[in-house]
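# Coordinate analysis (summary)
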Amino acid sequence: MAADEQMSRTEEKAVFQRPHALLPVVTNYCPGCTHGIVERLVAEVIDELDVEGRTIGIAPVGCAVTSYDFFGCDMIEAAHGRAPAVATGVKRSLPDHVVFAYQGDGDLASIGMAETVHAATRGENITIIFINNAIYGMTGGQMAPTSLPNQVTQTSPYGRDLDTAGYPIRVCELLSTLDGVAYLERVCVDGPKAVRAAKKAIKRAFQNQVDGVGYSLVEVVSTCPTNWKMTPQEAFAWMRENMLPYYPLGVYRDVQADGFANAAEAAFARAQDCPMASGKAGR
Amino acid sequence: MTEKVLMKGNEAIAEAALRAGCRHFFGYPITPQTELAAYMARKLPKMGGTYLQAESEIAAINMLYGASAAGVRAMTSSSSPGISLKTEGISYMAGADLPGVIVNVQRGGPGLGSIQPSQSDYFQATRAMGHGDFYLPVYAPSTVQEMADLTYVAFDVADGYRTPVVILADGMLGQMMEPVVMPDAADPASLPAKPWAASGHAGARPHNVINSLHLDSEKLYQDNVRRFQTYERIKRDEVRVETYRIEDADVVVAAFGAAARIARSAVNAAREEGIRAGLFRPITLWPYPARALQECRARAVLTVELNMGQMVEDVRLALEGATPVSFFGKCGGIIPTPDEVLDQIRGIAEGLGE
Amino acid sequence: MAKGRVEIDLVFCKGCGLCTDVCPASILKLDADTITQKGYHPAICVDEAACTGCATCALMCPDVAIAVFREVRA
């Protein structure tokens, strides 16, 4: 009631409201889960670029599976790991539309690694938002391709054993070698400053698609308070202490910063010494 | 165009798909479907379409899933081992009610099997194109002309019922050359509208969601019930079958696809010997033309297949024990000869005479 | 007089406390006396007069439970 009285006396403007591209639906995410922050940033970017009406999102399998109910744009639910292939099919059918996939670490870097690498190397002009929280959340906390060495999970109860389970995958570093890639950045959302930086990166990744710059991926180092068995606050602290040294934040590829208009120009420059690739050889 | 042209079966499928308005093809190399993909790779880029060689059959079927979800006519083709990889995506297509045409130019199995013709994916095509409760229409061409005609029809059926559709051919039909009259190219404006597609809402409607997940048990149950009501309409309206010299036949040979060509020769040879033989040739393997088989007044049925005996189970199911059913088949790329089939017919006819 | 105001939607708030951690004025707390329909102790503003409308809380909220308003001079 106090608020109503205030409103009657003074004028107010909303400085923060739910973005249009994020439907007013209560998510299935646990308290403090960063999925909610990242999905809101994606929706804010869709609003700011004014592309909701021509955007198609691809939902993964994992905790974000029901994100097709959260985003206001048209949505497609993909099989586990196949989002980049589905996104490819959509983008090739509707090249003037904006197509993004939202994927977790198991989806993108384990079962879907082939689709991830090949969509990237084909230079599909799509946007990938990659949530890396080093664990399988939805199935109850199993070891992920990005689980850290010695990290205890349900399926690495004595800690991730490098002799038997091998090493985690650093996705941005791996994809940075591919000619088809235009932009890769790793961010996190553990505080207001980080959230602003993450949004800037996500906006770049969408703007690149609109401008035809090429394949763009933003990796968000995230938390899973429930399966890490921590409070959201403890989870951020653990993430800062253990994940960020293993997964350093930063830009891993940016063809525009390197002076090229798009991924294709950068790839062409890299291939100048190859007569076949540079078009200097006969067929 | 009513001009007859000489074409390979695999190419006839590809050309018919283009004429049906398909502009998006996603594949992965495998023998013996090769010419189909190669034809698409030649034609589609010149038509403003997409030929995309995917990183795997799994990726290819999911690209088809995406293209179909976006509302365009699209297809993929493969051969037996590749189809096994596609079954995940086909199940998702069925669950999300997505149209799309999947061609299987069969080769021998199981495993890597052989690259020779086979019909050993009958069970897979009619029963097990992925996990979950679903069927999908399966067309079994027997000539190059049917490769074209049924592919053209498959796109309409896929869109009309919102279901994936399978063309079940084999290496023999795929490689064979025959004269074919191509169907006229569809007018793109005449293709059905897809208001359900995820093609961007343009601010004009609530968002569309293409999805096969229903965490609420009742919703999943109702979704399956609704889909099975569609299957009943398909069973009622889309059954296709050819019967040949069957009116007075004592011995009916049941065969589909390439095996039906051999069976037809054997039936003709048997007739010349005075044996009343006929041919029952399902063109849709699902829905199975069970009623047409029941209506044959055969005293015995011989099923001939290029496998160890798969369709014979549907023949027995249709006849419900009322008629004796026997099987003759070879596999591994070995094609039974008409004489071998004739021997089988003779043996059955002699048995009936006793 | 307050320069800003927050509205916390109890349907959405899951009581994670990320907003309370970052509020520069330290005026957001989890309300131990209230239980939402989903069973959480939601965030509340304990000193409305001190809110500047900076929206830092909303920036961190994973559930978009917070709307922020600021006074404007006519």
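Residues numbered from 1 in each chain as written. Chains lettered and ligands numbered in written order. Predicted model: local features only at pLDDT ≥ 70, side-chain atom pairs only at ≥ 80, totals over all residues. Heavy atoms only, no water.

### Things to note about the overall build of chain B
Put simply, the test is: Each helix is a run of H or I in the DSSP string that is no shorter than four residues. Each strand is a run of E no shorter than two, and both are numbered from the N terminus. Atoms counted for the radius of gyration: C-alpha only. Globule rule: 2.2 Å times residue count to the power 0.38. Exposure is judged per residue with a 1.4 Å probe applied to protein chains only, and the accessible area is read against the type maximum: over 50% gives exposed, under 20% gives buried, and values in between give partly exposed. We call two residues in contact whenever any of their non-hydrogen atoms come within 4.5 Å of each other. For every accessible area listed, the method is Shrake-Rupley and the probe measures 1.4 Å; residues are considered covered only by the protein chains on display. For the charge count, each Lys or Arg is scored as positive and each Asp or Glu as negative, with His and the chain ends excluded. To locate a charge, take atom NZ for lysine, CZ for arginine, CG for aspartate or CD for glutamate.
The number of helices and strands found in chain B is 12 helices and 15 strands. Its C-alpha atoms give chain B a radius of gyration of 21 Å, near enough to 20 Å, the size a compact globule of 354 residues would have. The principal-axis extent of the C-alpha atoms belonging to chain B is close to 75 × 50 × 40 Å. Across the 354 residues that make up chain B, the buried fraction comes to 59%. Here the contacts in chain B between residues at least 6 apart in sequence split such that 78% fall between residues at least 24 apart. A total accessible area of about 13800 Å² is found for chain B, and carbon and sulfur atoms account for 52% of it. A distance of 4 Å separates the average location of the 33 positive side-chain charges in chain B from that of its 40 negative side-chain charges.

### Remarks on the overall build of chain A
Each helix and strand in chain A was counted, giving 11 helices and 8 strands. The dimensions of chain A, computed from C-alpha atoms along their principal axes, are 80 × 50 × 30 Å. Taken across its 283 residues, chain A has 58% of its residues classed as buried. In chain A, of all internal contacts separated by at least 6 residues, the share reaching a separation of at least 24 is 67%. Put simply, chain A shows about 11000 Å² of open surface, and 54% of that area lies on carbon and sulfur atoms. Distance between charge centroids for chain A: 4 Å, based on 24 positive and 32 negative side chains.

### Concerning the interface of chain C and chain A
Applicable threshold: As used here, buried area is the combined drop in accessible area, with a 1.4 Å probe, of two parts when they are placed together. A pairing counts as a salt bridge when a side-chain nitrogen of Lys or Arg comes within 4 Å of a carboxyl oxygen of Asp or Glu.
In this complex, chain C contributes 31 residues to the contact, which on the side of chain A involves 37 residues. Of the roughly 2800 Å² buried between chain C and chain A on both sides combined, carbon and sulfur atoms contribute 65%. Taken together, the links from chain C to chain A amount to 1 salt bridge. With a shortest N-O distance of 2.8 Å, Glu 12 of chain A and Arg 5 of chain C are connected by a salt bridge.

### Some details on the domain arrangement of chain B
Residue and element names in this part refer to chain B. This is how the line gets drawn: Start and end positions for the domains come from either an automated domain assignment or a database one. Nitrogen and oxygen atoms within 3.5 Å of one another constitute a polar contact, given that in protein one can donate a hydrogen and the other can accept it, and given that sequence-neighbouring residues count only through two side-chain atoms.
Looking at chain B, the domain boundaries give domain 1 (4-237) and domain 2 (242-353). Using C-alpha coordinates to define each centre, domain 1 is positioned 29 Å away from domain 2. Across the interface of domain 1 and domain 2, roughly 2400 Å² is buried in total on both sides, 59% from carbon and sulfur atoms. Joining domain 1 to domain 2, the criterion identifies 3 salt bridges. With its nearest N and O atoms 2.7 Å apart, the salt bridge here joins Glu 146 to Arg 281. Our count for the contact surface shared by domain 1 and domain 2 stands at 15 residue pairs in polar contact (both at pLDDT 80 or more). Listing elements by their share of the side of domain 1 that touches domain 2, those giving two or more residues are α5 (122-127), β6 (138-139), α6 (144-161), β7 (164-170), α7 (171-175) and α8 (217-237).

### Details of the packing of helix α3 (residues 57-69) of chain B against helix α4 (residues 80-95) of chain B
Residue and element names in this part refer to chain B. So the rule is basically this: To obtain an axis, a line is fitted to C-alpha atoms, over the contacting stretch when the element is a helix, and the angle between two such axes runs from 0 to 180 degrees between their N-to-C directions. Under this scheme an angle from 65 to 115 degrees is roughly perpendicular, one under 35 degrees roughly parallel, and one over 145 degrees roughly antiparallel; angles in between are oblique. Each crossing gets its hand from how the near helix is turned against the far one by less than a right angle, where anticlockwise is left-handed and clockwise is right-handed.
Contact geometry of α3 with α4 gives a least axis separation of 8 Å together with a crossing angle of 30°. Taken together, the axis directions place α3 and α4 in an arrangement best described as roughly parallel. Handedness of the α3/α4 crossing: right-handed. Side by side, α3 and α4 meet where Glu 57, Ile 58, Ala 60, Ile 61, Asn 62, Leu 64 and Tyr 65 of the first sit next to Gly 82, Leu 85, Lys 86, Glu 88, Gly 89, Ile 90, Tyr 92 and Met 93 of the second.

### Looking at the interface of chain B and chain A
Heads up, the condition is: Just so you know the grouping, Ala, Val, Leu, Ile, Met, Phe, Trp, Tyr, Cys and Pro go in nonpolar, Asp, Glu, Lys and Arg go in charged, and all remaining residues, Gly too, go in polar.
Tallying the contact residues gives 33 residues for chain B and 34 residues for chain A. Summing both partners gives a buried area of about 2400 Å² for chain B against chain A, and 59% of it is carried by carbon and sulfur. Looking only at chain B, the three residues that lose the most surface to chain A are Glu 55, His 201 and His 207 of chain B, adding up to 22% of its buried area. Across the contact surface, chain B and chain A share 3 salt bridges. In this structure, the salt-bridge partner of Glu 88 of chain B is Arg 82 of chain A, at a minimum N-O distance of 3.0 Å. Within the residue set of the side of chain B that touches chain A, elements represented by two or more residues are β2 (24-27), β3 (50-53), α3, α4 and β9 (209-210) of chain B. Classifying every residue of the side of chain B that touches chain A by side-chain character gives 18 nonpolar, 12 polar and 3 charged.

### A closer look at the packing of helix α9 (residues 257-272) of chain B against helix α12 (residues 338-353) of chain B
Residues and elements named next belong to chain B. Running from amino to carboxyl end, α9 crosses α12 at an angle of 55°, the nearest separation of the two axes being 8 Å. With respect to each other, α9 and α12 are oriented oblique. α9 and α12 meet at a crossing whose hand is right-handed. Contacts between α9 and α12 involve Ile 262, Ser 265, Ala 266, Val 267, Ala 269 and Ala 270 on the former and, on the latter, Pro 338, Val 341, Leu 342 and Ile 345.

### Some points on the sheet that holds strand β7 (residues 215-221) of chain A
Worth spelling out the cut-off: Pairing between two strands is assigned when DSSP locates at least 2 bridges connecting them.
Strands sit in the order β8(A)-β6(A)-β7(A)-β5(A)-β4(A)-β2(A)-β3(A)-β9(B) across an open sheet of 8 strands; the sheet is mixed. Two strands close off the open sheet at either side, each with one partner strand: β8 (250-254) of chain A together with β9 of chain B. Along the sheet, helix α2 (residues 35-49) of chain A makes contact with β2 (55-59), β4 (98-104), β5 (127-132) and β7 of chain A, crossing β4 of chain A at roughly 175°.

### Notes on the pattern of salt bridges
Residues and elements named next belong to chain B. Evaluation of the coordinates by the stated rule reveals 40 salt bridges over all chains. Ionic pairing is found between Arg 281 and Glu 242, a salt bridge with its closest N-O pair at 2.7 Å. Here Arg 281 is found in strand β12 (residues 277-282), whereas its partner Glu 242 is found in strand β10 (residues 241-244), with 39 residues between them in sequence. We classify Arg 281 as buried; its relative accessible area is 4%. For Glu 242, a relative accessible area of 22% gives the class partly exposed. One salt bridge in this structure joins Arg 346 and Glu 273, with 2.7 Å as the shortest N-O distance. You can see Arg 346 sitting in helix α12 and its partner Glu 273 sitting in the loop between α9 and β12, a full 73 residues away along the chain. The exposure class of Arg 346 is partly exposed, given its relative accessible area of 29%.

### Description of the side chain of Ser 79 of chain B
All names here are of chain B. Within the secondary structure, Ser 79 is located in the loop between β4 (74-78) and α4. A distance of 3.4 Å separates a polar atom in the side chain of Ser 79 from the backbone nitrogen of Gln 33. The residues contacting Ser 79, other than those within four sequence positions of it, are Ile 30, Thr 31, Pro 32, Gln 33, Asn 104, Val 105 and Arg 107.

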